[in-house]
Amino acid sequence: MMSFILPFLLAVACAATTLAEEPPATLLTKPGKLLISEDFTQPLPPPQGSTAQFASGFQGWRCNVVPRGGHWEVAAGAFTGTENPEMHHPATASIGFDFKNAIISCEVRMHDVPLDGRKNRFFAVRTTDAKDYVCSIFLNESGMRIQKDDNDHEGPDVAVPLGALKAPIPLGEWQKVTFEILGEEMVGTLNGRSLTGQHPLIGSEKHSVMFVSGVEGSVRHLRIWEAFSNPEWAKIRPTLPVPLNQSAAK
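Moving on, we come to unusual backbone geometry. With omega at 15 degrees, the peptide bond leading from G155 into P156 counts as cis. Its location among the elements puts P156 in the loop between strand 10 (143-148) and strand 11 (160-166). Unusually for a residue other than glycine, A76 sits at a positive phi of about 55 degrees. Checked against the element boundaries, A76 lands in the loop between strand 4 (71-75) and strand 5 (78-82).

Our focus in this paragraph is the sheet that holds strand 8 (residues 122-128). Pairing within the open sheet is antiparallel, and its eight strands lie in the order 2-3-6-15-8-9-10-11. A strand with exactly one partner marks an edge of an open sheet, and here the two such strands are strand 2 (48-49) and strand 11.

Among the six residues that make up strand 13 (residues 185-190), six are buried, leaving the element largely enclosed by the rest of the structure. Judged by which residues are buried, strand 13 turns out to be covered on both faces: E185, V187 and T189 on one side and M186, G188 and L190 on the other are all buried. The pairing of strand 12 (residues 175-182) with strand 13 spans six bridges and is antiparallel. Within the sheet, the bridge partner assigned to F179 lies in strand 13 and is G188. Counting the residues in the hairpin turn of strand 12 and strand 13 gives two residues, including G183, whose phi is positive at 60 degrees. Where strand 13 lies against strand 14 (residues 193-198), six bridges are found, and the strand directions are antiparallel.

Our focus in this paragraph is the nonpolar core. Note that soluble globular proteins tend to have their nonpolar side chains buried in a common cluster. If you look at the biggest cluster of nonpolar residues, it comprises 40 residues, and the most contacted ones within it are V209, F211 and L222. Ignoring anything within four residues of it in the chain, the contact list for F211 reads W61, W72, A91, T92, A93, C106, F123, A124, V125, V219 and L222. Within the second largest apolar cluster, six residues are counted, among which are F122, A124, M210 and V212.

What follows deals with the side chain of S56. Tracing the sequence through the fold places S56 in the loop between strand 2 and strand 3 (58-62). The exposure class of S56 is buried, given its relative accessible area of 13%. A distance of 2.4 Å separates a polar atom in the side chain of S56 from the backbone oxygen of A130. Apart from the residues lying within four places of it in its own chain, the contact partners of S56 are S50, D129, A130 and H207.

In this section: the packing of aromatic side chains. Using the criterion set out here, one finds eight aromatic pairs in the structure. Summarising the aromatic geometry, the rings of F97 and F99 are spaced 4.6 Å apart at their centres and angled 20 degrees between planes, so their arrangement reads as stacked. For F97, a relative accessible area of 8% gives the class buried. Through pairs of rings, three or more aromatic residues link up here, namely F40, W61, W72, F79 and F211. Over the ring of Y133 we find R126; its NZ or CZ atom is 3.9 Å from the centre of that ring.

Cut-offs applied
- Along each chain, the written sequence defines residue order, and numbers are assigned to residues from 1.
- For this predicted model, a pLDDT threshold of at least 70 governs which residues receive local features, and a threshold of 80 or more governs which side-chain atom pairs are given and counted, while totals over whole chains, interfaces and linings are taken from all residues.
- To obtain the side-chain values, all non-hydrogen atoms of the structure were included, while hydrogens and water were left out.
- Only DSSP runs of H or I covering at least 4 residues are called helices, and only runs of E covering at least 2 are called strands; the numbering of each starts at the N terminus.
- Strands are labelled as partners when DSSP assigns at least two bridges between them.
- Accessibility here uses a 1.4 Å probe with only protein chains present; expressed as a share of the type maximum, an area under 20% marks a residue as buried, one over 50% as exposed, and anything in between as partly exposed.
- What is meant by a nonpolar core is a set of buried Ala, Val, Leu, Ile, Met, Phe, Trp, Tyr and Cys residues, joined one to another through side-chain atoms within 4.5 Å.
- Contacts are assigned to residue pairs with any non-hydrogen atoms lying within 4.5 Å of each other.
- Pairing of N or O atoms within 3.5 Å defines a polar contact, subject to two protein rules: one partner must be a possible hydrogen donor and the other a possible acceptor, and residues neighboring in sequence count only if both atoms are side-chain atoms.
- Each Phe, Tyr or Trp ring (for Trp, its six-membered ring) is paired with any other whose centre lies within 6.5 Å, and the angle between the two planes then decides the class: stacked below 30 degrees, edge-to-face above 60, tilted in between.
- Criterion for a charge above a ring: Lys NZ or Arg CZ within 6 Å of the ring centre, and within 35 degrees of the ring normal.

This is the structure in structure tokens:
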């Protein structure tokens with residue numbers, strides 16, 4: 001009997017692995033080469049390069065570098081970030097690699113833990129250029145928003161909201177997130193519902209993907225593909241909500 005069971009179990013395992021590597025449904029882009037595949041089943045290796053800067057200068061995972069970035073831990077197939085309430089700053093962790101266009105797919109979860117004096121819970125997936133933030137998808141208990149980020153912290157640049165989606169998100173439940181970037185456009189998708197926006201900064205060369213955990217949250221099943229244009233995008237764009245910055249609608 002065992003001679004029949006073992007091949008069956010191997011086939012099931014292979015099928016599960018293949019399914020995990022399948023790209024998500026996309027709108028703006030079509031996937032190319034798989035660049036990053038992380039299931040958080042093992043401790044993360046130390047990064048290469050310098051972690052002195054939060055946006056670039058390193059390859060691989062940057063986390064638990066300074067108290068301001070909170071504490072991150074790999075456990076049970078998830079990467080969990082817990083904010084340090086004394087810092088008044090969310091927990092942040094980044095994976096450094098060079099890219100411009102990409103499809104980022106993962107599942108995220110906000111944890112049902114005490115606010116401990118903090119205003120709200122949220123979880124974000126964010127990209128950076130050589131010096132600062134570029135664009136982000138934010139989840140909170142009310143839904144999703146996408147934005148062009150504040151790229152200088154000190155001014156005069158400011159964040160630009162691109163879209164918002166009302167979709168209550170239960171605490172403690174995994175949410176499917178897909179982040180597409182191509183040229184100056186982006187699409188954020190939460191459980192099959194999508195927003196799009198455009199800004200010149202989004203077209204910059206990027207150096208890391210950052211995960212931002214307000215209070216406490218987790219990410220799992222992270223996959224990142226290179227991205228190419230979807231020839232159907234011109235037909236798809238008008239079916240999505242109008243971007244908050246009207247210049248994003250062509």
